[in-house]
Number of protein chains: 2
Amino acid sequence: MARESADVRKITPKSQDFAEWYVEVVRRADLADYTEIKGCMVIKPYGYGLWENLRDALDRRIKATGHRNAYFPLFVPESLLQKEADHVEGFAPEVAWVTHGGSEPLEERLAIRPTSEAVICSIYAKWVQSYRDLPVLINQWANVVRWEKRTRLFLRTSEFLWQEGHTCHRTHDEARGEVMKMLEVYREFLETELAIPAIPGRKTASERFPGAEDTFTVEALMGNGWALQAGTSHDLGQHFAKVFGIKFLDEDQAEKFVWQTSWGVSTRLVGGVVMTHGDDQGLILPPRIAPVQAILVPIFNDKNRDEVLPKARAIQRDLAAVARVEIDDRDGFKPGWKYNDWEMRGVPLRIEVGPRDLEAGQAVLARRDTGAKETVSLGAVKSELPGRLEALQRALLDRARAFRDENTRPAKTLAEAGEILENQRGFVATGWDGSPETEARIKEETKATIRCIPLDGGDPEPGMTDVVSGKPAQHRVLLARAF
Amino acid sequence: MARESADVRKITPKSQDFAEWYVEVVRRADLADYTEIKGCMVIKPYGYGLWENLRDALDRRIKATGHRNAYFPLFVPESLLQKEADHVEGFAPEVAWVTHGGSEPLEERLAIRPTSEAVICSIYAKWVQSYRDLPVLINQWANVVRWEKRTRLFLRTSEFLWQEGHTCHRTHDEARGEVMKMLEVYREFLETELAIPAIPGRKTASERFPGAEDTFTVEALMGNGWALQAGTSHDLGQHFAKVFGIKFLDEDQAEKFVWQTSWGVSTRLVGGVVMTHGDDQGLILPPRIAPVQAILVPIFNDKNRDEVLPKARAIQRDLAAVARVEIDDRDGFKPGWKYNDWEMRGVPLRIEVGPRDLEAGQAVLARRDTGAKETVSLGAVKSELPGRLEALQRALLDRARAFRDENTRPAKTLAEAGEILENQRGFVATGWDGSPETEARIKEETKATIRCIPLDGGDPEPGMTDVVSGKPAQHRVLLARAF
């Protein structure tokens, strides 16, 4: 395919208008765009290539933990969706309804899946008969639809792509183990592959998945100091098993309901990558998931074109054996323009090769994150490339972690919390007595929510009090405004 | 996940009732099942694993030919679907319509994509401006919905999974080259990976994709002598470009419409694999796409369990380095029962290891296709496994090719063709004068259709006449009844 040219005019600075900066980066780097179809985006090849890398990296982990993929129907008959009361209450307002097949009205309306618990549980009820059928460890990669009035590319669209794991277990303990295992899979995946240091924690009752007994989350801090819920893992208890009749004959000959979990991440993670690492020049992509890890830009003019290009192409072919290296050999564009173009797209490393470099047997390596340039002998580029990409990956994670730590601040009073959330943003760590009243008050006064009770650091510090009531704190919680 | 047990009771013989045999194999081998959701199936983990292998093998070829994946919206607004007259006429009768978002009626009905030409062309109209933007070489993996009254697992379901390539070119020649290139990609992929020897050919006007200028197909012969259209590649001409306004400024400064193609294969290929290779014991899977290439069955009893199992597991771990080898170490099932179970699932090779085998340093290898058993020294199994799998893959292709050739018969008259199609089935090669009248007559009298004018062997033989009119034949065509 002809390579699209990124629009390399200056973009709105991040610090000036983060929302505008975000949309400009996503569109100009060719990740995605709006369509005339209400609430739906198109994921362009470059953005989809990023999603493929991210998806494959997670899929490997899902399989390595014993799960297998399957595919369930897109449609949820209205009667199935209504079975679990909290579930339908949570999702019905944002469901797209199919009412006609061809020219005929349907006997029963079909929801397009906003999530697949109802469909999958109705099927599991047939599959599970005996304790020998357990555990059921299945994942699905699919599109889902949640009708949205206000759209933001990747972060909030009517249709999005995701994976949803749905498991059944013999005991609550085993199910709880699965919930925590997948939360840790998400945390490690975000850290290792996306260079996003997310905080695992428990959601409050009001923030639970509709129908769940308990919801766990990995919360990440974006570049504007808002939080992003990057993935969730739900303990469904026996809520769905009871209404859908998922029962098994246990070894003791007693009929029992299964214990279930579900867990998912979506294409919103692509938005998370943009908002965690990007800068005023555009995207910065972690090397492990970057569709192009290094771009070779040959420097040539009409006179030395035929001398430089074949050599540059040979270098690119050689490097392609150790990393995803492409060459930008387009005519009619100046090197500087190309540099900007690839910076906008967030390619981690740039390799510049001009006629004098070739003569001296060297190349110039430029890092996307720091802008640092270094001259390296051509013989060493290939052997050093993987290590340099790994170092850059680590640097991105370190920077994101430092940013998060700098932007996690304690507050003792609601006024103090509100002041931080308004002016400095980030996470605010504070005490909570566990009451819904405090939670509601926080939301009202600060527009922030309790993002989670961190798994590590969720116990109250000695003497810690609730940020609203002043009563002794039951938990140390993290507040933030969120996407 | 706990391994499901295939239902290994005898199935309906293929020769007795092919349709019943097919459904029993698909369900008992755990490939897929019906659901209570009208027209929709669930693809079970084993069937989805097969689809993943098949999908990945094709995806590599799609990328190697310069295409990139992207993702476009699920919804097609009614006004977009209606733009191309033939297209809407072909698809409207089988469209699922979304009329409500949450509790509100939509201003315009949305079709769930039955195919994505309309959506993608409306987006390409914005992306393509200059000859520099061409070619556009994009593919999408997605679900599509075509409302079906009668359902057959994998072959005909309301929702199915597929890939659809959509490309734009500067000239008709270039577009035509793309159409033929992708047809050849399909042919080679079917042959190499699925061991299905498909015949590439051109469709008649009446069998074209709605809105296409020309449609090409790869036609395969199934075990009951019916044809399966395994993939199609369409020359869309400028039909869609003109109604959607996909124009570019050419180098000569003239504004021109692009030339387009689209091409696709779907989950029906899984059905094609079942119907090409399966037998009365169940599935037979080509090794290259089999989720499990070899199953190791340790033979043990309560006494020697602890002696046999650790050694068998060590062998399996060792073999897993060269092929997808799993072990069936379930308690409570006799070896013979396990053999049947894995035969039903079509696993190409079985490796039996009992206490005496271990003592003698050997294993018994059994082929799924021929049932042949052979004793091989344990030291040789690992080095020989890849070669044996390749040989089995070739044998399946050879057998399918021989079956197809034996079941391709010439006919000079309609009566003769009808007799063959009724009693022997298979392909009938005959002459066609190119008239719609002959085509209609064939359908009426024999329930068969002209499957294609083969690319290789589509010219009339000397003296060949039309099977109905007796006029000189313009083409040599293949007739068959089809799924």
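Draft legend 1. A look at the overall build of chain A. If you tally the helices and strands in chain A, you get 14 helices and 23 strands. In terms of C-alpha radius of gyration, chain A reaches 25 Å, essentially the compact-globule figure of 23 Å for 483 residues. Each of the three principal axes of chain A carries a C-alpha extent, and together these read 80 × 60 × 45 Å. Taking all 483 residues of chain A together, the buried fraction comes to 60%. Considering only intrachain contacts with a sequence separation of at least 6, the fraction spanning at least 24 residues in chain A is 68%. For chain A, the exposed surface amounts to about 18,700 Å²; the carbon and sulfur share of it is 47%.

Draft legend 2. Representation of helix α8 (residues 268-277) of chain A in the model. Most of α8 of chain A sits inside the fold, with 10 of its 10 residues counted as buried. Every buried residue of α8 of chain A is accounted for by Arg268, Leu269, Val270, Gly271, Gly272, Val273, Val274, Met275, Thr276 and His277 of chain A.

Draft legend 3. Broad picture of the domain arrangement of chain A. Residues and elements named next belong to chain A. According to the domain assignment, chain A consists of domain 1 (18-277), domain 2 (294-386) and domain 3 (409-480). The C-alpha centroid of domain 2 is placed 41 Å from the C-alpha centroid of domain 1. Across the contact, 5 residues belong to domain 1 and 4 residues belong to domain 2. Together domain 1 and domain 2 conceal approximately 460 Å² of surface at their shared face, both sides included; 53% is due to carbon and sulfur atoms. By the criterion of area lost to domain 2, the three top residues of domain 1 are Arg28, Ala29 and Tyr46, representing 67% of everything that side buries. For the pair domain 1 and domain 2, the interface holds 1 salt bridge. Residue arginine 345 pairs with aspartate 30 through a salt bridge whose shortest N-O separation is 3.5 Å. In this assembly, domain 1 and domain 2 are joined by 2 residue pairs in polar contact (both at pLDDT 80 or more).

Draft legend 4. Representation of the relation of the copies chain A and chain B. Take chain A, turn it by 180 degrees, move it 0.0 Å along the axis, and it overlays chain B with an RMSD of 0.0 Å. Taken together, these values place the two copies in the relation of a two-fold axis. Taking C-alpha positions as reference, the residue of chain A nearest the rotation axis is valine 98 of chain A, located at 2.1 Å. Comparing contact sets, 98% of the residues at the interface of chain A also lie at the interface in chain B, consistent with an isologous, same-surface contact.

Draft legend 5. View of the packing of aromatic side chains. Within the structure shown, the criterion is met by 24 aromatic pairs over all chains. Both rings, one in tryptophan 226 of chain B and one in phenylalanine 483 of chain B, keep their centres 5.1 Å apart while their planes meet at 50 degrees; by these two values the pair is tilted. Note that tryptophan 226 of chain B is positioned in the loop between β10 (214-221) and β11 (227-237) and phenylalanine 483 of chain B in the segment after β23 (475-480), a separation of 257 residues in sequence. Using a relative accessible area of 23% as the deciding quantity, one classes tryptophan 226 of chain B as partly exposed. Plain terms: the ring middles of phenylalanine 240 of chain B and phenylalanine 244 of chain B are 6.4 Å apart, the flat faces sit at 15 degrees to each other, and that makes the pair stacked. Remark: phenylalanine 244 of chain B and phenylalanine 240 of chain B occur in helix α7 (residues 239-244); sequence separation between them is 4 residues, near one turn of the helix. Comparing phenylalanine 240 of chain B with phenylalanine 244 of chain B, the two get one shared label, buried. By the ring-pair criterion, three or more aromatic residues cluster together here, those being Phe72, Tyr124 and Trp127 of chain A. Between arginine 330 of chain A and the ring centre of phenylalanine 333 of chain A, over which it is positioned, the NZ or CZ distance is 5.0 Å.

Draft legend 6. Just the sheet that holds strand β18 (residues 362-367) of chain B, in detail. All names here are of chain B. Across the sheet, 5 strands lie side by side as β16-β15-β17-β18-β19; this open sheet has mixed pairing. Each having just a single partner strand, β16 (325-327) and β19 (373-377) make up the two edges of the open sheet. Ignoring strand direction, the axes of neighbouring strands in this sheet form an average angle of 25 degrees. Pairing geometry for strand β17 (residues 349-353) and β18, over 4 bridges, is antiparallel. Its bridge partner being in β18, isoleucine 351 is matched across the sheet by leucine 365.

Rules of the game
Residues numbered from 1 in each chain as written. Chains lettered and ligands numbered in written order. Predicted model: local features only at pLDDT ≥ 70, side-chain atom pairs only at ≥ 80, totals over all residues. Heavy atoms only, no water. Helix = DSSP H or I, 4+ residues; strand = E, 2+ residues; numbered from the N terminus. Rg over C-alpha atoms; globule rule 2.2 N^0.38 Å. Buried < 20%, exposed > 50% of the residue type's maximum accessible area, 1.4 Å probe, protein only. Contact = heavy atoms within 4.5 Å. Areas by Shrake-Rupley, 256 points an atom, 1.4 Å probe, with all protein chains shown as cover. Domains from an automatic or database assignment. Buried area = accessible area lost by both parts, 1.4 Å probe. Salt bridge = Lys/Arg side-chain N within 4 Å of Asp/Glu carboxyl O. Polar contact = N/O pair within 3.5 Å; in protein donor to acceptor, adjacent residues only side chain to side chain. Least-squares fit on C-alpha atoms with pLDDT ≥ 70 in both. Phe/Tyr/Trp six-rings, centres within 6.5 Å; stacked < 30°, edge-to-face > 60°. Lys NZ or Arg CZ within 6 Å of the ring centre and 35° of its normal. Pairing = 2+ DSSP bridges. Axes fitted to C-alpha atoms, helices over the stretch in contact; angles between N-to-C directions.

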